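# Analysis of the macromolecular model
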Amino acid sequence: QVQLVESGGGLVQPGGSLRLSCAASGIIFSIYAMGWYRQAPGKQRELVASITKGGMTNYADAVKGRFTISRDNAKNTVYLQMNSLKPEDTAVYYCNADFSRVVNYWGQGTQVTVSS
């Protein structure tokens, strides 16, 4: 059974930081590209950041320079370090595992709220 379990969300003030984690089980983690997506109320789900099995990263323009995605294959975990958070970063953040765009899994999501 495949599981992607996100953690680390919460309420933070503008300018603050959060670190999201996504622990995967039931898959050969090292062969999957991993991504973080987010969905704000009334908006479509959008890609925030992704990392290939080889470690190449990609970021949405809105988060470049503020967010960092990383992975630890030994722990089957992908991280999203979020710094300089803004109110517009408020959303449910989802972890995604993708194998050659053929097999795709999603986590249940974790809420991030940026507000004073």
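Above this note sits the structure.
Report follows, based on the coordinates. Small disclaimer: the values here were computed from a predicted structure and weren't measured.

### A look at the state of the cysteines
Inspection of the entire model under this criterion finds one disulfide. One disulfide in the model links C22 with C95; its S-S distance is 2.1 Å. Handedness of the C22-C95 disulfide follows from its S-S torsion of about -80 degrees: it is left-handed. Separated by 73 residues along the polypeptide, C22 in strand β3 (residues 18-25) and C95 in strand β9 (residues 91-99) bring together distant segments of the chain. Of the two residues examined, C22 and C95, each falls in the buried class.

### Some thoughts on the layout of surface pockets
Approximately 170 Å³ is the volume attributed to the largest pocket. Lining of the largest pocket is provided by A33, M34, G35, Y37, L47, S50, I51, T52, N96, D98 and R101. For the lining of the largest pocket, the secondary structure elements donating two or more residues are β4 (33-39), β5 (46-51) and β9. Tallying contributions element by element places β4 first for the lining of the largest pocket, with four residues. Taken together, the residues that form the lining of the largest pocket break down as five nonpolar, four polar and two charged.

### Details of the sheet that holds strand β7 (residues 67-72)
Spatially, β1-β3-β8-β7 is the arrangement adopted by the four strands of the open sheet, whose pairing is antiparallel. Where the open sheet ends on each side, the last strands, each with one partner, are β1 (3-7) and β7. Along the sheet, successive strands turn relative to each other by an average axial angle of 15 degrees, direction set aside. Here β1 pairs with β3 via five bridges, running antiparallel. The partner of S7 across the bridge, within β3, is S21.

### What to know about the pattern of salt bridges
Summed over the entire model, instances satisfying the criterion amount to four salt bridges. One salt bridge connects E46 with R38, and the closest N-O pair in it is separated by 2.7 Å. The shortest N-O distance in the salt bridge between D89 and R38 comes to 2.9 Å. Of this pair, D89 sits in the loop between β8 (77-82) and β9 while R38 sits in strand β4, and the two are 51 residues apart along the sequence. Residue D89 shares its accessibility class with R38, and that shared class is buried.

### Some words on the nonpolar core
M34, W36, V78, L80, M82 and Y93 are the most contacted members of the largest nonpolar core, which has 29 residues in total. For this core, the secondary structure elements donating two or more residues are β3, β4, β5, β7, β8, β9 and β11 (110-114). Once residues lying within four places of it in the same chain are set aside, the contact partners of L80 are L18, R19, L20, W36, V48, A49, F67, T68, I69 and Y93.

Cut-off values and rules
Residues numbered from 1 in each chain as written. Predicted model: local features only at pLDDT ≥ 70, side-chain atom pairs only at ≥ 80, totals over all residues. Heavy atoms only, no water. Disulfide = S-S within 2.5 Å. Helix = DSSP H or I, 4+ residues; strand = E, 2+ residues; numbered from the N terminus. Buried < 20%, exposed > 50% of the residue type's maximum accessible area, 1.4 Å probe, protein only. 1 Å grid on protein atoms, 1.4 Å probe; cavity = no way out; pocket = protein on both sides within 12 Å on 5 of 7 lines; lining within 4 Å. Points joined across faces, edges and corners; volume = space filled by probe spheres on them. Nonpolar A, V, L, I, M, F, W, Y, C, P; charged D, E, K, R; others polar. Pairing = 2+ DSSP bridges. Axes fitted to C-alpha atoms, helices over the stretch in contact; angles between N-to-C directions. Salt bridge = Lys/Arg side-chain N within 4 Å of Asp/Glu carboxyl O. Core = buried A, V, L, I, M, F, W, Y, C linked by side-chain atoms within 4.5 Å. Contact = heavy atoms within 4.5 Å.

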